[in-house]
Each structure stands twice: as C-alpha cells, then as structure tokens.
Amino acid sequence: MPWGPMARMTGRRALLAVPVLLAVTFGVFAIAAASPFDPVKAYAGTAGLTASQENLDQIRHNLGVDQPLITRWWDWLTGALTGDLGDSATLRAPVSQVIGERIGWSVLLCALAFVLAVLLGTLLGVLAARRRGGLLDRTVTGAAYALEAAPPFWLGLLAIWLCALKLGMLPAGGLTDTGSGTATAGQVARHVILPALVLAVSQLPWFVLYVRQGVGDALAEDPVRGARSRGLSERTVLLQHALRSGLLPVLTLIGSRVPELITGALLVETVFSWPGIAAATVQAATSVDFPLLAALTVLATVAVLAGNLLSDLLYGLADPRVAFDG
C-alpha cells in the first residue's frame, strides 16, 4: 500500500486547508457584521426593549461586538489556536461545551444515514444495471429522479405522518421517550431509526444513479464480455469484474456528498428535534453569535475537506493507475 505518497498527499491537503479555513472564518465574521440582526437585542431578549442605551452599550462591550471587524476576527482566531473558542452568547455556555455536547449525536445520525445510503444505493444501482430498460430499472431510476427533487424536511414530515402518527411504529422525534430522564441505548436506537432513514433516502438517488451508470457501462466493456464468453457465471462476472470498475466513480461521489449530507442533517435534525448541532447552528445564525457561528462553520468546512480527501485516497487505492503524487 502506498503509504508514503498517501501521507504526502494528506500533508499537502492539510497545508492548503489553512488559507481556506482562514478565509472561511473571516467571511463568517464579515457576513455577520453586515447582517441586519443585532446580537445585543438577541442576547437581551425582551429585557432589551426596556433597557437603557447605557445598559445596551455595556452589553455590546461585554460581547465584544463594539470592536472593529478585523479585531473581532483576530481575537477569536488567536483564542481558537489556543483551544479557546469563546463563549456562546445565545446558549450561555462555552462554544467548546456546546459543540462537545451535540456533535456526537450529529455524527451518529450522519454516519448511520451515509452507510445506509451507500449500501442501499449500491444494491439498487446494481440491480437496475443488470437489466437496463427493464421494469426494475425503470422503477428504480424513476424513484431516484423523484427523490432528487424531494426536500429532506418534506420527507421528514411525511415519515412522521406515516410511521409515527398513522402507523405508530416509531417515535416522532427527540432522543428519549416522553417522561424519561436518561437516554438508554434502546431508546436512542428507536429514536434514531426514522431520522436516519429519512436522511439516507435524501442521499440515496445519487448513489443509485451513479452505480447504475458505472456498472451498466462496465457490463458493456470488452473485458466483461470476454469473461462471459469464457463461460463464467453471471454472478462472477458481475461481482468480480463489472462491480469493481463500475464502483470507481462512486468513490468520488462520497466526498462530494458531504456538503449535502451536512445540509440535509440540519433540516432532518430540526424536523425530528434531534439534539445535534442543528439547533445550535440556527440559533448562531439568527442571533449573530460570532464565536459559535465561526466554530460551526469551520467544523463544516473541515468535514467537507476531509470528505474530498477521503474520496481521492479511496480512488487511488482502488485504481493503481492513479498516482497520489500527481
């Protein structure tokens, strides 16, 4: 395994990520500074309606929003490099604590949904590619194109109406049962099924269509035809020849779907009241919570960059013709 070239490629990507993250964090502070929302009013709430201008100015100074844009960004950046991400004004807690309490649940939801989407998308794509133009192919591709246009929040509401309200099969949202004070493994498993399925279905169409196209093209190539002419079984031809070459394009899709996965997860978490980072992201954006908004944006950017790197590494491992140093 080419560990040396892989390590060099990873190192180059890490160095290139530094200016990207700097630009992203500065952009967050610039957009927040230009936003019409006043973080002082969001922090004070209804008490801000009767507060004196002197008190509002003092709150503005305490939050640090009376400083110039460059100063606010630089203070946050230097603090982040030492591990201090600041305090969230809206959630009244350190940013590191807010993220630490929520990110695990978001990772659990996204990981389950992504694995399910890849496995189910690969299965359906292969089945559709075996008989192009057949009934199964038309049904699967038609459903995939229809799901491409379906917003995740609409799928979530539909799933709640059908599975929770009408059939009563699964809970409609949250992390634990009503009235329960602790989150047991059984409760979490039951509550994560519906949001994970909805998020997986929202990502499913692209994997189905990519696998169908890749495997279908591979089945028409000369090496696969030669394998068939040698009398190999259809299963051997499909699994050992067509599937491997046909799945190569899917490896690049894995990284490119990370931004859509994050966006879909925010919507799904909101619909199902899942205690991930969605609520914190929405509050940070609407309340112009500079430290929390910057930290969450950096986290999402790192996830996207890591996804792209993972795709390139997987593609290079699967196809020896790809050079990591290229």
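Above this text sits the structure in question.
Described below are features of the structure shown in this document.

The rules behind the values
Residues numbered from 1 in each chain as written. Predicted model: local features only at pLDDT ≥ 70, side-chain atom pairs only at ≥ 80, totals over all residues. Heavy atoms only, no water. Helix = DSSP H or I, 4+ residues; strand = E, 2+ residues; numbered from the N terminus. Polar contact = N/O pair within 3.5 Å; in protein donor to acceptor, adjacent residues only side chain to side chain. Contact = heavy atoms within 4.5 Å. Patch = residues over 30% accessible without salt bridge, like charges linked within 9 Å, V, L, I, M, F, W, Y side chains within 5 Å. Areas by Shrake-Rupley, 256 points an atom, 1.4 Å probe, with all protein chains shown as cover. Salt bridge = Lys/Arg side-chain N within 4 Å of Asp/Glu carboxyl O.

Tracing the backbone through its elements, the reader meets S202 in helix α8 (residues 185–219). Among the polar contacts listed, one links the side chain of S202 to the backbone oxygen of L199, at a separation of 2.6 Å. With residues up to four places along the chain from it excluded, the contact list for S202 reads P152 and L155.

Turning our eyes to something else, we now look at the environment of T10. Mapped onto the elements of the fold, T10 is located in helix α1 (residues 3–34). Residues T10 and D312 lie 302 residues apart in sequence; the distance between their C-alpha atoms is 10.0 Å. Leave out the neighbours within four places in its chain, and T10 touches L309 and L313.

Turning our attention to a nonpolar patch on the surface. A cluster of nonpolar side chains, F153, W154, L157, L158, W161, L162, L165, L167, M169 and L267, forms an exposed patch at the surface whose accessible area comes to about 1000 Å². Among the elements that line the nonpolar patch, the one with the most residues is helix α7 (residues 152–166), at seven residues. Relative to the assigned elements, F153 resides in helix α7.

A few words now on the environment of A129. Within the secondary structure layout, A129 lies in helix α5 (residues 95–130). Taking the C-alpha atoms as reference points, A129 and Q213, 84 residues apart in sequence, are found 7.1 Å from one another. Filtering out sequence-adjacent residues up to four positions away, A129 remains in contact with R212, V215, G216 and L219.

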